[in-house]
There are 2 protein chains.
Amino acid sequence: MQNFQFMNPTKIIFGKGEVIKLSHEIPAGSKILITYGGGSAKKTGLLDEIKTVLKDFTIGEFGGIEPNPVYETLMKAVDLIRAEKYTFILAVGGGSVIDGTKFIAAAVPFVQADPWTFITDGIAIKEALPFGTVLTLPATGSEMNNGGVITRKSLQAKLAFASPAVYPKFSVLDPVYTYTLPTRQIANGVVDAYVHVMEQYLTYPVAAKVQDRFAEGLLLTLIEEGPKALQKPENYDVRANIMWSATMALNGLIGSGVPQDWATHMIGHEITALYGLDHAQTLAIILPSVMQVMQVEKSDKLLQYGERIWHITGDIPIDDKIMLIIERTRNFFAIMGNKTHFSDYGLGREVIDKILASLESHQMVKLGEKSLVTPAVTRKILELSL
Amino acid sequence: MQNFQFMNPTKIIFGKGEVIKLSHEIPAGSKILITYGGGSAKKTGLLDEIKTVLKDFTIGEFGGIEPNPVYETLMKAVDLIRAEKYTFILAVGGGSVIDGTKFIAAAVPFVQADPWTFITDGIAIKEALPFGTVLTLPATGSEMNNGGVITRKSLQAKLAFASPAVYPKFSVLDPVYTYTLPTRQIANGVVDAYVHVMEQYLTYPVAAKVQDRFAEGLLLTLIEEGPKALQKPENYDVRANIMWSATMALNGLIGSGVPQDWATHMIGHEITALYGLDHAQTLAIILPSVMQVMQVEKSDKLLQYGERIWHITGDIPIDDKIMLIIERTRNFFAIMGNKTHFSDYGLGREVIDKILASLESHQMVKLGEKSLVTPAVTRKILELSL
């Protein structure tokens, strides 16, 4: 096991009806800005429910945070908070709203320069306005971690930031709020969580048995529950297990003490920035190709994954075993409605050079757990994904 | 899944040589009291190593905290801290030293009454002196939770307390410090951690798939690594996996959203208080009997446990299956050097009434996940344990 530090102070409030406890979690006298996305929180009545629970607080609203939240939008919220002196933010939504809110929270007290420099110049985020979340879409794990991904449209850039200052104070996870999600969003969420686990699991062995078992437990749960979620949107236990899996997939725990990959995500971010594919769609395209191209470096963990997750054992040549393992993974993404080739989205060979150029412009030229995913390797990965 | 709240703010600093980071974790200018146990921390040189790292702080020492830490001893540390105005405590040791330190930390600012009333009168612990830990014995999970168990000799009582105020600020977990542990202590630690998992797992199903998989992952790891730890004390990875398993076994995570039992622990505490058996020895005696007596109520989880942990499947009558599952569990404790009957410790039928009387005097008359372990049921459990 590698040495590690782990700390995660976010309070999780999980279960049906728990939104009622919101008022105890926000400091009395707070002036709260509620941030949200495209309006589904409004349509479903959740926003009204929250306002009723928080009737003793002064409340404002900022809607319209996009999927893949955009710097230009978020800065409007920053201006609003500074002008109106809000003291607490409550993000109501999925990973995009929460990521965006983290950026807003960190940007508000950062007046010395453009907050975009958090990302581009690697300036440490030292403080942030306190915020909590009410999660409506299980996927990114943002509700219990300290990172976010922001898109700057004018630069066609989608980039990540992180800081201990941007852990949510609390997150309310009520699986019932996910009943009304469009199928595509719940499917994307399951794939996103699955790939988060894989990025922290499918590297090389370091004798981290607990982390491996936990990661495998999340994969097995997502495989069991994901397809059910598509068929029976109102099955509470299915939604609860998916929600908790997605949170645990990226709250730092399973990634502690182990190598991490993230090549799939880095390549995927460029695809979303360039062509607007959903985040999970890009992951479903790229991960199987990463597994194939990096199969020698990843063979030990690939075989463990095949055995423990897909029960692929026995006397088959290793190469065949690995192809079978990749096939099963691809098949799971397909069951979850996520296609696994560029051609499924009407994209062809022209994407390769553009994606490589974008990666290079963001200094993403040595990706993966051993920095072996160079542009030449990425080219192979993209070729296999066409 | 049941509704739950989960928050755990303790910072874990894990791995070889990490004690070097201690000085960054304690506020500058702190006056630190180092608490420890029987002196092994001194003998092994760990205490000197820590003092070197903390050379810029004012440091005092309080040794002699017993296994099953005793109120009378702990109150001496409380007096010392109040008199000398220490501002931070650093616990160096295993679960007993850390549990004792939690009690000390909570007792120092509690001047309005005898701190024993935390336990007997259920007075909420609102504040505590900040403290961190350097763990030398993986077992209790105290290094990453907010509970403790204290013994009051004069009353032959061993009782538990808990409060969000007594989470350690940080815990340094260096597996190397466990190399010099006596075999009995590492064996006890593995059994203790195993039973912690079982108390939160072996109840009835609530469709909490992630918690089940995580619990099973810990059990599998302890079964794989425990025996190796007895044979090869200096195998780093084995010790690291046991250490992380023991911490994860009782930091609140696997117990979130699921029913919990704890009957084995409650009965076990009385045995230790009355007869001085090691904590893990009492658990190894009682758990198999609890499994047997409560087999109908626990049958679903017993069978899941048998299948996923001991690979007991196939067309065997359920009763036989369950006996086999209990036998395997008993056998694992035996491999870990923990005997599973009172008679192995020279104790006979006379224990039954005394243990029942002690439980009654502590209002422990409806134990278990459904409060079904009444004195009559406990009598059966004890009969089977003779």
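As the structure is a prediction and not an experimental result, all values here were calculated from the model.

1. Looking at the overall build of chain A
Looking only at helices and strands, chain A features 15 helices and eight strands. Its C-alpha atoms give chain A a radius of gyration of 20 Å, near enough to 21 Å, the size a compact globule of 386 residues would have. When its C-alpha atoms are laid out on the principal axes, chain A stretches across 65 × 45 × 45 Å. Counting over 386 residues, chain A shows a buried share of 62%. A sequence separation of at least 24 residues applies to 79% of the contacts in chain A between residues at least 6 apart. Both charge centroids of chain A, one from 36 positive and one from 40 negative side chains, sit 2 Å from each other.

2. Here's the deal with the environment of Gln304 of chain B
Residue and element names in this part refer to chain B. Of note, Gln304 is situated in helix α12 (residues 299-310). Separated by 33 residues in the primary sequence, Gln304 and Ile271 have C-alpha atoms spaced 30 Å apart. In contact with Gln304, other than residues within four places in its own chain, are Tyr201, Asp212, Glu216 and Ile309. A polar atom in the side chain of Gln304 sits 3.5 Å from the side chain of Tyr201.

3. Comments concerning the UniProt feature "domain: Alcohol dehydrogenase iron-type/glycerol dehydrogenase GldA" (unreviewed entry) in chain A
Under the present numbering, the feature "domain: Alcohol dehydrogenase iron-type/glycerol dehydrogenase GldA" (unreviewed entry) in UniProt falls on residues 9-175 of chain A. The straight-line gap between the two end C-alpha atoms of residues 9-175 of chain A is 22 Å; of that span, 28% is helix and 26% is strand.

4. Structural notes on the UniProt feature "domain: Fe-containing alcohol dehydrogenase-like C-terminal" (unreviewed entry) in chain A
UniProt tags residues 187-356 of chain A as "domain: Fe-containing alcohol dehydrogenase-like C-terminal" (unreviewed entry). As annotated, residues 187-356 of chain A comprises 68% helix and 0% strand, and the C-alpha atoms at either end are separated by 28 Å.

5. Let's talk about the interface of chain B and chain A
Taken together, the contact between chain B and chain A spans 41 residues of the former and 41 residues of the latter. It is Lys209, Phe214 and Trp244 of chain B in chain B that bury the most area against chain A; as a group they hold 17% of the surface buried on that side. There are six salt bridges connecting chain B and chain A. Scanning the region where chain B abuts chain A turns up 22 residue pairs in polar contact (both at pLDDT 80 or more). If you list the elements that add at least two residues to the side of chain B that touches chain A, you get β1 (4-14), α8 (209-231) and α9 (236-249) of chain B. Top contributing element to the side of chain B that touches chain A by residue count: α8 of chain B, with twelve residues. By residue class, the composition of the side of chain B that touches chain A is 21 nonpolar, ten polar and ten charged. Taken together, the seven bridges between strand β1 (residues 4-14) of chain A and β1 of chain B define a ladder with antiparallel strand orientation.

6. Notes on the nonpolar core
Within the largest apolar cluster, 187 residues are counted, with the highest numbers of intra-cluster contacts made by Tyr194 and Tyr305 of chain A together with Tyr194 and Tyr305 of chain B. Sequence-distant contacts of Tyr194 of chain B, defined by excluding residues within four places in its chain, comprise Leu219, Leu222, Ile223, Tyr305, Ile309, Trp310, Thr329, Phe332 and Phe333 of chain B.

7. Topic: the packing of helix α9 (residues 236-249) of chain A against α8 of chain B
Orientation of α9 of chain A relative to α8 of chain B, taken along the N-to-C sense of each, is 50°, at an axis distance of 8 Å. Put simply, α9 of chain A runs oblique to α8 of chain B. The residues of α8 of chain B that touch α9 of chain A, namely those facing Asn241, Trp244, Ser245 and Met248 of chain A, are Lys209, Val210, Gln211 and Phe214 of chain B. Within the contact of α9 of chain A with α8 of chain B, the residues separate by chemical class into four nonpolar, three polar and one charged.

8. Focus on helix α13 (residues 318-335) of chain B
All names here are of chain B. Between the first and last C-alpha of α13 there are 26 Å, a value that for 18 residues agrees with the 26 Å anticipated at 1.5 Å per step. Considered for burial, the residues of α13 that qualify are Lys321, Ile322, Ile325, Ile326, Thr329, Arg330, Phe332 and Phe333. For α13, the secondary structure elements touched by its buried residues are α7 (183-201), α8, α11 (279-293) and α12. At the exit of α13 stands Gly337, carrying a positive phi of roughly 75°.

9. A few points about the relation of the copies chain B and chain A
Its rotation angle being 180°, the transformation that places chain B on chain A also includes 0.0 Å of axial translation and leaves an RMSD of 0.0 Å. Both chain copies can therefore be described as sitting about a two-fold axis. Residue Pro9 of chain B of chain B places its C-alpha closer to the rotation axis than any other residue of that unit, at 2.2 Å. Comparing interface residues between copies, 100% of those in chain B also lie at the interface in chain A; the contact surface is shared.

10. Remarks on the pattern of salt bridges
Throughout the structure, instances matching the rule amount to 32 salt bridges over all chains. Note that Arg379 of chain A and Asp353 of chain A form a salt bridge whose closest N and O atoms lie 3.0 Å from each other. Of this pair, Arg379 of chain A sits in helix α15 (residues 375-384) while Asp353 of chain A is found in helix α14 (residues 351-361), placing the two residues 26 residues apart along the sequence. Given the relative accessible area of 35%, Arg379 of chain A is considered partly exposed. A salt bridge links Glu25 of chain B to Lys11 of chain B; the shortest N-O distance between them is 3.0 Å. Of this pair, Glu25 of chain B sits in helix α1 (residues 22-25) while Lys11 of chain B sits in strand β1; the two residues are 14 residues apart in sequence, bridging distant segments of the chain.

11. Let's talk about the domain arrangement of chain A
Residue and element names in this part refer to chain A. When cut into domains, chain A gives domain 1 (11-177) and domain 2 (182-384). When each unit is reduced to the centre of its C-alpha atoms, the spacing between domain 1 and domain 2 is 27 Å. On the side of domain 2, 23 residues touch domain 1, which itself brings 23 residues to the contact. With both chains or domains summed, domain 1 and domain 2 bury close to 2,000 Å², and 68% of this area falls on carbon and sulfur atoms. A per-residue breakdown of the area domain 1 buries against domain 2 is headed by Pro138, Gln156 and Lys158, which together make up 29% of the total. Linking domain 1 to domain 2 there are zero salt bridges. Inspection of the region where domain 1 meets domain 2 yields three residue pairs in polar contact (both at pLDDT 80 or more). Looking at the side of domain 1 that touches domain 2, the elements with two or more residues in it are β1 and β7 (157-162). The element that contributes the greatest number of residues to the side of domain 1 that touches domain 2 is β7, accounting for three residues. The class makeup of the residues in the side of domain 1 that touches domain 2 is 13 nonpolar, six polar and four charged.

Reading guide: rules and limits
- Residues numbered from 1 in each chain as written.
- Chains lettered and ligands numbered in written order.
- Predicted model: local features only at pLDDT ≥ 70, side-chain atom pairs only at ≥ 80, totals over all residues.
- Heavy atoms only, no water.
- Helix = DSSP H or I, 4+ residues; strand = E, 2+ residues; numbered from the N terminus.
- Rg over C-alpha atoms; globule rule 2.2 N^0.38 Å.
- Buried < 20%, exposed > 50% of the residue type's maximum accessible area, 1.4 Å probe, protein only.
- Contact = heavy atoms within 4.5 Å.
- Lys, Arg positive; Asp, Glu negative; His and termini not counted.
- Charge placed at Lys NZ, Arg CZ, Asp CG, Glu CD.
- Polar contact = N/O pair within 3.5 Å; in protein donor to acceptor, adjacent residues only side chain to side chain.
- UniProt positions renumbered as here; feature names shortened; annotations may be inferred.
- Buried area = accessible area lost by both parts, 1.4 Å probe.
- Salt bridge = Lys/Arg side-chain N within 4 Å of Asp/Glu carboxyl O.
- Nonpolar A, V, L, I, M, F, W, Y, C, P; charged D, E, K, R; others polar.
- Pairing = 2+ DSSP bridges.
- Core = buried A, V, L, I, M, F, W, Y, C linked by side-chain atoms within 4.5 Å.
- Axes fitted to C-alpha atoms, helices over the stretch in contact; angles between N-to-C directions.
- Parallel < 35°, antiparallel > 145°, perpendicular 65-115°, else oblique.
- Expected span 1.5 Å × (residues − 1).
- Least-squares fit on C-alpha atoms with pLDDT ≥ 70 in both.
- Domains from an automatic or database assignment.

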